[in-house]
Amino acid sequence: MTDHINSSNFSPSTLTTTPFTEDDKFHDECGVFGVFNTPEASTHTVLGLHALQHRGQEAAGIVSYYEGQFYAHKSTGHVADNFNTKSVIESLPGNSAIGHVRYSTAGGSGLRNIQPLFADLASGGFAVAHNGNLTNALTLKKHLVAKGAIFQSTSDSEVIIHLIATSTYLTLQDKFIDAMRRIEGAFAFVALSEDCLIGARDPLGVRPLVLGKLPNDGYIFASETCALDIIGADFIRDVDPGEVITINKNGMTSIKPFPIMHPRPCIFEHVYFSRPDSLSNGTSIYKVRKNIGKELAKECKLNADLVVPVPDSGVPAAIGYAQEAGIPFELGIIRNHYVGRTFIEPSDTIRHLGVKLKHNANRGELDGKIVVLVDDSIVRGTTSVKIVDMVRQAGAKEVHLYIASPPTTDPCFYGVDTPDKDKLLASRMSIKEMAEYIGADSLKFISIDGLYRAVGEANRDNKKPQYCDACFSGEYPTPLTDNNASDDDKQFSLLTDYKK
Ligand code: AMP
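Below, the structure is looked at part by part. (Residues numbered from 1 in each chain as written. Predicted model: local features only at pLDDT ≥ 70, side-chain atom pairs only at ≥ 80, totals over all residues. Heavy atoms only, no water.)

Formed by 38 residues in total, the largest nonpolar core has its most connected members in I292 and Y321. Breaking this core down by element, the ones donating at least two residues are α8 (268-273), α9 (285-299), α10 (315-325), β20 (370-375), α16 (448-454) and α17 (470-473). In terms of domain composition, this core takes at least three residues from each of domain 1 (2-264) and domain 2 (287-457). Among all residues touching I292, those that are not within four sequence positions of it are V271, A404, I446, L451 and A454. Among the nonpolar cores identified, the runner-up in size contains 30 residues, and L172, M180, F187 and I198 belong to it. (Core = buried A, V, L, I, M, F, W, Y, C linked by side-chain atoms within 4.5 Å. Buried < 20%, exposed > 50% of the residue type's maximum accessible area, 1.4 Å probe, protein only. Helix = DSSP H or I, 4+ residues; strand = E, 2+ residues; numbered from the N terminus. Domains from an automatic or database assignment. Contact = heavy atoms within 4.5 Å.)

In terms of burial, α10 is largely enclosed, as 8 of its 11 residues are buried. Among all positions of α10, only V315, P316, A317, A318, I319, G320, Y321 and A322 are buried. Here the buried face of α10 lies against α9, β17 (306-309), β20 and β21 (398-403). Where α10 ends, the next residue or the one after it, G326, has phi of about 70°, a positive value.

Another aspect to go through is the pattern of salt bridges. If you walk through the whole model with that rule in mind, you get 18 salt bridges. We note a salt bridge from E224 to R55, for which the minimum N-O separation is 2.7 Å. Placement of the pair is E224 in the loop between β11 (219-222) and α7 (226-229) and R55 in the loop between α1 (41-51) and β3 (59-66), with a sequence separation of 169 residues. One exposure class covers both E224 and R55, and it is buried. Of the charged contacts in the structure, one is a salt bridge between R335 and D312, with a shortest N-O distance of 2.9 Å. On the criterion of sequence distance, the pair formed by R335 in strand β18 (residues 333-335) and D312 in the loop between β17 and α10 is long-range, its members being 23 residues apart. Beyond isolated ion pairs, a larger network of salt bridges with shared partners links R55, R207, E224 and E269. (Salt bridge = Lys/Arg side-chain N within 4 Å of Asp/Glu carboxyl O.)

Here we come to the site of the ligand. The local shell around the ligand holds 16 residues, among which D375, D376, R380, G381 and T383 are the closest. The separation between an oxygen atom of the ligand and a polar main-chain atom of V379 is 2.8 Å. One of the backbone nitrogen or oxygen atoms of T382 is found 3.4 Å away from an oxygen atom of the ligand. Classifying every residue of the shell around the ligand gives 7 nonpolar, 5 polar and 4 charged. (Near = heavy atom within 4 Å. Polar contact = N/O pair within 3.5 Å; in protein donor to acceptor, adjacent residues only side chain to side chain. Nonpolar A, V, L, I, M, F, W, Y, C, P; charged D, E, K, R; others polar.)

By themselves, these observations are geometric and do not establish any function.
Okay, here's the thing in structure tokens:
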């Protein structure tokens with residue numbers, strides 16, 4: 001399913017031809033990319049999005065700009081499957097472009113939610129791509145709709161377009177900042193107008209955004225540095241929390257329009273979400289993950305025969321654990337790379353099947369052994385139950401499951417797609433109960449201070465936590481306006497779901 005519009009009059013109504021699905025609701029867990037002032041901007045964007053594919057596999061989109069016109073191509077599915085022909089690339093001409101990959105959620109979403117979103121504003125065409133989640137989007141939407149705004153998607157990100165369109169400030173940059181001041185939650189934006197590319201990060205810097213440069217003076221924004229590496233761009237620096245960078249033909253300007261706040265970048269990016277070859281604040285994610293394993297080994301010692309990672313997400317932490325503990329590391333589980341992430345599967349039944357499809361025991365390595373299995377996190381516990389059983393069935397004498405993050409007790413409202421609290425295993429059970437449920441001989445989690453040590457802090461500053469760790473602590477660094485809204489307001493949000 002593709003929607004391909006070669007016009008500056010990028011009418012959102014053409015996106016509504018897709019039937020709306022039952023689960024068509026706010027879900028954003030994504031990657032963003034933007035490039036300015038380089039020939040073949042769309043080719044760079046395709047490559048950048050390909051490197052960011054792990055951040056979202058449901059859909060991808062690119063909007064480019066060339067001589068007075070915007071061009072768009074959006075599609076469900078992977079970047080490599082949908083942006084792979086000369087004709088698609090040629091349909092996205094120009095020296096500037098932005099792109100977006102969107103995470104898969106149960107049931108999927110319609111084409112109308114695929115980003116970048118586009119609007120013809122009074123100031124001209126404007127496209128925006130968003131990573132994160134706005135925690136007051138429904139509340140703002142209710143006000144905007146009451147004033148006559150007609151929303152075309154159920155994406156929280158569309159709110160920003162309406163706020164910009166109705167802002168009384170004069171320049172696009174000021175309108176954008178005005179809009180940013182009214183939204184709450186987590187956001188990393190890249191936006192494209194006729195003459196500039198904007199990159200902006202929320203005041204707490206919850207979601208990542210980096211700035212890069214091509215040898216020919218072209219500038220890049222991307223969710224992660226791995227998207228710079230793929231096109232040979234130099235990493236300049238992270239976009240600062242609360243910073244708005246505008247790039248136009250005269251160069252780059254940076255402003256910080258928000259009161260300076262104590263930053264709270266997402267710690268789960270280090271644990272799971274970012275690619276290990278990316279840098280976060282100049283630090284290698286891979287090294288941090290190995291450090292987590294080392295800290296885990298210091299906290300939880302065991303006289304085991306083998307350390308085995310749950311691939312791929314448990315691999316760096318397992319290497320760190322094995323090095324610190326002096327225990328041999330072996331690939332006791334082999335992953336089939338042609339199956340997507342377990343989370344993509346829509347129902348529990350299929351998710352179980354997904355795990356079987358995805359992993360297989362490497363019997364010869366496991367038979368008769370005391371095994372420390374290392375995974376990055378336990379969410380619903382589905383993966384752990386299957387993997388522990390698989391390793392036992394393969395002959396392991398004892399299976400100890402060690403987790404490279406603290407128990408995930410609370411859902412994320414900032415753009416990582418976690419299930420509701422009552423589905424999170426650690427919110428329902430004690431660690432002892434979890435171990436029994438999973439069938440492990442023992443179950444250990446790294447402590448929250450251990451995790452902070454792994455990212456380079458002395459410990460968690462409980463008065464002023466250095467990261468957003470709400471999924472482990474339940475402490476949310478912004479108001480959860482929509483979540484705390486009245487039932488009436490929540491009812492309003494349901495109306496936007498277009499249930500069949
Ligand atoms: P579960 O089977 O629900 O316990 O999920 C745990 C597995 O999913 C772990 O092996 C993680 O690597 C992976 N995981 C953790 N968080 C997420 C997320 N937000 N999206 C996708 N996968 C995740």
